[in-house]
Amino acid sequence: MRVARGANLLSACVSVAGVALLGYLLGAAAMFFQLPPSAWLANAFAGARVWSEPEHKPLTPLIADKGARSGTPVDRPERTCDGFTLYTCSSSEHLSTQASLINMRRDVVHQWAISFSRIWPNPEHLDFRPNDLGVGFFDCYLYPNGDLLAVLHVMNRSGCGLAKLDKDSNLLWAYPANMHHAVDVGEDGTIYALRQEIADELPPGLEGIDTPCSIDYLVAFSPDGEPLSKPISILSALKNSPYAALLSTLHRPPRRPPQRPGSTAPHVEYAFQQERDPLHTNCVRVLRSDMAAKFPNFKAGHILVSVRTLSIIAMLDPDSGAVEWAARGAWQAQHDPQFLENGHLLIFDNLGSPLGSRVLEYDPQTQAFPWSYSGEGRLAFYTSERGMCQRLPNGNTFIVSSEDGEMLEVTADKEVVWSCALDGFIMCGRRYAPEQLPFLAGDERPRP
């Protein structure tokens, strides 16, 4: 009798396992061949993944040795411009949808983190489903109340969206599109960001550019994430401007980045060959009214953009959609141009020098370069991609060398007075004065 019951139980278990296996195989086949149930199954799996995840990712700062590449931590409090530094960083194994805020001692005082699958459980705007560890915060804008705008990139691809979090990492809104590289906010709260679209045809006069290719657009959003107007094609804005001749360089073979002196590492080829990314716009910066008087050729509300493939910077009027000014200079494949109080621009020059990367101060009126820094007195820095720069209130310059994984603060006389080494590629880095971040606890100090 017991033998019979055991046999029946075993038979039932085998039957259940067989049905489960058959269901699994049928489901896998449906998703592989994109049969009708595949969309329902994808939503179910995405929902289960989100339900099973913790509210946020574990917060794991990527600070390495808290020192410089020379191996010696740098911190000269009597010469630094104290504040809090916001950064995002990816490791060699994965990207990270996490942003950290550190003090001058390099201690983490606040963090934001949210998984991609929690933002978009079913990312219908993508033709694939990225792994959470394959998506990272590429650029960020931090509000005084602790809200954070984040541009998300997919590993080995490009942008995949724009999201806004509150100070506790709760999702406020998300915009699903190929948003990439940069975001900035105007005085009226308007958000400006970049979006790419694939074009199979280009306007007349641009037939020399191979298609299909990616075209960059400037997009304006309300503070609530609603698009405000028709996106502006940066390629068309250049073509229809007095600076259209700058587009002729798109017909030249792309240039290889220079080799770092003494390095045995292979060349890092441009990830934006002209046949598929003729502009590779990588920065948007709004000219505020308190700075506009310093730039007589520009107007408040105009947008400074950096076009890496062409190695040009340009001013775009978001109301008319026209390029009002553009320049090419000693820089090459540049990033992160900034408006300065003296009417100059600060530019991270990735490839303009054969000795490595550098930061240039550029006078748009005289075409002069009153100041530059390329690592004098220490190891030269070099990053073929990304890189950021910022002039601080006391005249020091904050520098991010992305591939080196290092952030520096440098005085006007080119002395490094602060550094922070991170274990990975720095996607974004920016210094904030204490008064810019009232959301921090009252007893939080830049230098405890």
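These numbers come from a predicted model, not from an experiment. Position numbers for residues start from 1 in each chain and track the written sequence from start to end. Side-chain atom pairs in this predicted model are given and counted only at pLDDT of 80 or more, local residue features only at pLDDT of at least 70, and totals for whole chains, interfaces and linings cover all residues. Each side-chain value is derived from all of the structure's non-hydrogen atoms; neither hydrogens nor water enter the calculation.

### A word on the sheet that holds strand β8 (residues 179–185)
Strand pairing in a sheet relies on backbone hydrogen bonds, with the paired strands running either antiparallel or parallel. Here, strands pair whenever DSSP counts at least two bridges between them. Helix numbering and strand numbering both begin at the N terminus, where a helix is a DSSP run of H or I of at least 4 residues and a strand a DSSP run of E of at least 2. Spatially, the four strands line up as an open sheet ordered β8-β9-β10-β11, and their pairing is antiparallel. In this open sheet, the two edge strands, each paired with only one partner strand, are β8 and β11 (232–233). Both β8 and strand β9 (residues 191–199) contribute to a ladder of four bridges, which runs antiparallel. Across the sheet, the residue bridging to Val-185 is Ile-191, located in β9.

### Quick word on the confidence of the model for the protein
Think of pLDDT as the predictor's per-residue confidence, scored from 0 to 100. Averaged over all residues, the pLDDT of the protein is 84; the fraction at 70 or higher stands at 79%. Across residues 28–61, where pLDDT falls below 50, the model places 46 contacts with residues more than four positions away in sequence or in other chains. Of the regions scoring below 50 in pLDDT, residues 262–274 engages in 32 contacts with residues more than four places distant in sequence or in other chains. Two residues form a contact once any of their heavy atoms are found within 4.5 Å.

### Considering the pairing of strand β18 (residues 356–362)
Residues in a regular strand point their side chains to alternate faces of the sheet. Three exposure classes are used, based on accessible area relative to the maximum for each residue type with a 1.4 Å probe and protein chains only: buried under 20%, partly exposed in between, and exposed over 50%. Judged by how many residues are buried, β18 sits mostly within the fold: seven of seven residues are covered. Of the pairings in the sheet, the one linking strand β17 (residues 345–353) to β18 comprises six bridges and is antiparallel in character. Residue pairing in the sheet places Leu-346 in a bridge with Glu-361 of β18. Linking β17 to β18, which pair antiparallel, is a turn of two residues. Of the strand pairs in this sheet, β18 and strand β19 (residues 371–373) are connected by three bridges, and their pairing is antiparallel. Its bridge partner lying in β19, Leu-360 is registered against Ser-372.

### Digging into the state of the cysteines
The term disulfide refers to a covalent linkage connecting the sulfur atoms of a pair of cysteines. Counting rule for disulfides: a pair of cysteine sulfur atoms within 2.5 Å. Inspection of the entire model under this criterion finds zero disulfides. Just so you know, Cys-428 is unpaired, no disulfide at all, and the nearest cysteine sulfur is the one on Cys-140, 4.9 Å from it.

### A few points about the packing of aromatic side chains
Pairing of aromatic rings covers Phe, Tyr and Trp, the last counted by its six-membered ring, and requires centre-to-centre distances within 6.5 Å; plane angles under 30 degrees mean stacked, over 60 mean edge-to-face, and any other angle means tilted. All told, the structure shown has 13 aromatic pairs when counted by the stated rule. Aromatic pair Phe-295 and Phe-339: ring centres 5.2 Å apart, planes at 75°, arrangement edge-to-face. In this pair, Phe-295 sits in the loop between α5 (289–292) and β13 (303–307) while Phe-339 sits in strand β16 (residues 335–339), placing the two residues 44 residues apart along the sequence. You can call Phe-339 buried: its relative accessible area is 13%. Centre to centre, the rings of Tyr-362 and Phe-369 are 5.4 Å apart; their planes meet at 35°, and the pair counts as tilted. Since its relative accessible area comes to 34%, Phe-369 is described here as partly exposed. The rule for a charge over a ring is simple: NZ of Lys or CZ of Arg within 6 Å of the ring centre, and within 35 degrees of the ring normal. Over the face of the ring belonging to Phe-128 we find Arg-157, whose NZ or CZ atom lies 3.8 Å from the ring centre. A cation over a ring is seen here: Arg-391 above Trp-371, with NZ or CZ 5.2 Å from the ring centre.

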